[in-house]
Amino acid sequence: MPLSLQTIRQNIRKWWIKYHNGEVPKKVYRSRRNRCAGCLVLQKRGILSCCKPPLCADCHKVHNGVESALPDAGKKAARFAKQNKRRNLKRKGLDVDGTPMPPRVTRARTQNKSNVVGVVALFCAASMLGSQFVGPRYHHLFGVDINEDYGRSFSLNNGHAPLLPLDILELSVEEFMKLLEQHAHSKMEHCLFLITLDCSRASRANRHVTAQEKRDFYVPAIEKMKLFIEAARLHYNIFLLWEFVNDKFVLKLIEEEFPEMKSWTCDGHCYESRRRVFFVSGFDPDMKMVKEELKLAIEREGGGKKYCAAEAFEKFGLKIPRGTRMFGAWTKEEYRRDPTKGTDPWEKRTPTICSGGIWLVFPNGREAWVSVEILRWIRTRGGDVDFKFSPGDGETLRRLILAMGVSTVVGSTARRALDRWIEEYGLP
């Protein structure tokens, strides 16, 4: 009897723990017989598709998030019964619901048209989130951000789509729909909105914004998002993915305007502690697939081990001695001089990467400013597609892009979850 997907993943996690503890050989030879770390079956020579961990072809698919790799016997029988029923109806010229089937050319055109999902990014900066939506299903239309400096990196990583330097609060619904019609794909019936609302006024690092200034921005901004989405729903099937900081005031506004959306709070991932709240609408209503895919992505990146910031720094040749302390960018020099303050990089992940970056204070008192390339590597761990800076972007702009960007592992997680949802339930 085949093992369940959950059991296979548990076996793989146990293998990684043994690997890091030195309980299994560091090198596995494919030319020898080895036991699969997932299903625990002794395989013949040359069968294992992956050497770290050693996995057979089916378990390798499970490890990479292909849920249909090892279907249960009941699911397999049900699938065969469904295929036989569909085949019998097709012989009679009927569709799956018993209605007469349209001509083959019409079916092909309809299927080709419905498979295209347009991607629109709002408050996007360089849209590290959108950069992970790649493949023939996704067609990037445009992004909207008030700062045009992000345009080069946005286009480079988002299918060469343009970044429109517009103030969303001053953009009317009619103007937005004209932009959507102007950039829409000719075969597009579905649209994905990626909303990464400007969080500067809600950031804990920002101590200068009053409650009234905060309200004056977020209330009209969220209302404008609702107007855009309602207008777009008259023409397209809408998928929605929203990311924001864990600010109760703003989150309550979002939930009031979009009661159908489900939220989920993530405390961090891989090497970065980044507490964010995510909303989805139009797919995966309980966010079960999103949570599963994020867990799988983190497992694929680190193999079940404990993440710490020191490991990320040392991958770039930055030696981190014991006793080093780590601080966020907004800390003052007097605060960093206190030996009782700071975070141990050997025990904790990095603080949330903002426009300043991260400070390291070594045991001898010397301070080091973490380079932007190390920050980019940390922020992009677990993503399926590498995010690249435009050659014309200076270091200050690159730091701003990282500060405004959503970790690419989140984009990959959302894309995988949406693909699974479409494959399981189809497009409307």
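Residues numbered from 1 in each chain as written. Predicted model: local features only at pLDDT ≥ 70, side-chain atom pairs only at ≥ 80, totals over all residues. Heavy atoms only, no water.

### Some points on the overall build of the protein
Reasoning step 1: A tally of helices and strands in the protein yields 14 helices and 14 strands.
Reasoning step 2: The buried share of the protein, reckoned over its 428 residues, is 47%.
Reasoning step 3: Sequence separation of 24 or more characterises 66% of the internal contacts of the protein that already satisfy a separation of 6 or more.
Reasoning step 4: For the protein, the accessible surface area stands at approximately 22,300 Å², while carbon and sulfur atoms represent 51% of it. (Helix = DSSP H or I, 4+ residues; strand = E, 2+ residues; numbered from the N terminus. Buried < 20%, exposed > 50% of the residue type's maximum accessible area, 1.4 Å probe, protein only. Contact = heavy atoms within 4.5 Å. Areas by Shrake-Rupley, 256 points an atom, 1.4 Å probe, with all protein chains shown as cover.)

### Quick notes on the pattern of salt bridges
Reasoning step 1: Taken as a whole and judged by the stated rule, the model has 24 salt bridges.
Reasoning step 2: Between Asp198 and Arg201 there is a salt bridge; the shortest N-O distance is 3.1 Å.
Reasoning step 3: Looking at Asp198, the relative accessible area reads 24%, which means it is partly exposed.
Reasoning step 4: One salt bridge in this structure joins Arg416 and Asp384, with 3.1 Å as the shortest N-O distance. With Arg416 in helix 14 (residues 408-425) and Asp384 in the loop between helix 12 (372-379) and helix 13 (395-404), this pair connects stretches of sequence that are 32 residues apart. (Salt bridge = Lys/Arg side-chain N within 4 Å of Asp/Glu carboxyl O.)

### Side note on the sheet that holds strand 9 (residues 237-245)
Reasoning step 1: On the basis of which strands lie adjacent, the open sheet formed by 7 strands has the order 7-6-5-8-9-11-10 and mixed pairing. Each of the sheet's edge strands pairs with one partner strand only, and the pair in question is strand 7 (163-165) and strand 10 (262-266). Along the sheet, successive strands turn relative to each other by an average axial angle of 15°, direction set aside.
Reasoning step 2: As defined by bridge partners, strand 5 (residues 116-122) adjoins strand 6 (residues 138-145) across 6 bridges and the pair is classed as parallel. Along strand 6, the bridge assignment pairs Leu122 with Val144.
Reasoning step 3: Set on the sheet, helix 14 makes contact with strand 6, strand 8 (188-195), strand 9 and strand 11 (276-281); between it and strand 6 the angle comes to about 140°. (Pairing = 2+ DSSP bridges. Axes fitted to C-alpha atoms, helices over the stretch in contact; angles between N-to-C directions.)

### What to know about the environment of Leu402
Reasoning step 1: You can see Leu402 is positioned in helix 13.
Reasoning step 2: Sequence-wise, Leu402 and Arg379 are 23 residues apart; in three dimensions their C-alpha atoms are separated by 7.3 Å.
Reasoning step 3: Setting aside residues up to four positions removed in sequence, Leu402 forms contacts with Met128, Ile353, Val372, Leu375, Arg376, Arg379 and Phe389.

### Things to note about the sheet that holds strand 13 (residues 358-361)
Hydrogen bonds between backbone atoms are what pair the strands of a sheet, whose relative direction is either parallel or antiparallel.
Reasoning step 1: What the 3 strands build is an open sheet, ordered 12-13-14; its pairing is antiparallel. The two strands at the open ends of the sheet, each matched to only one other strand, are strand 12 (325-328) and strand 14 (367-369). Going across the sheet, the axis of each strand differs from the next one's by a mean of 25°, ignoring polarity.
Reasoning step 2: In this structure, strand 13 lies alongside strand 14, joined through 3 bridges in antiparallel fashion. Across the sheet, Trp359 pairs through a bridge with Trp369, a residue of strand 14.

### Re helix 14
Reasoning step 1: The end-to-end C-alpha distance of helix 14 is 26 Å, a good match for the 26 Å that 18 residues give at a rise of 1.5 Å each.
Reasoning step 2: In terms of burial, helix 14 is a largely internal element, 15 of the 18 residues being buried.
Reasoning step 3: Gly426 occupies a position one or two residues after helix 14 and carries a positive phi of about 80°. (Expected span 1.5 Å × (residues − 1).)

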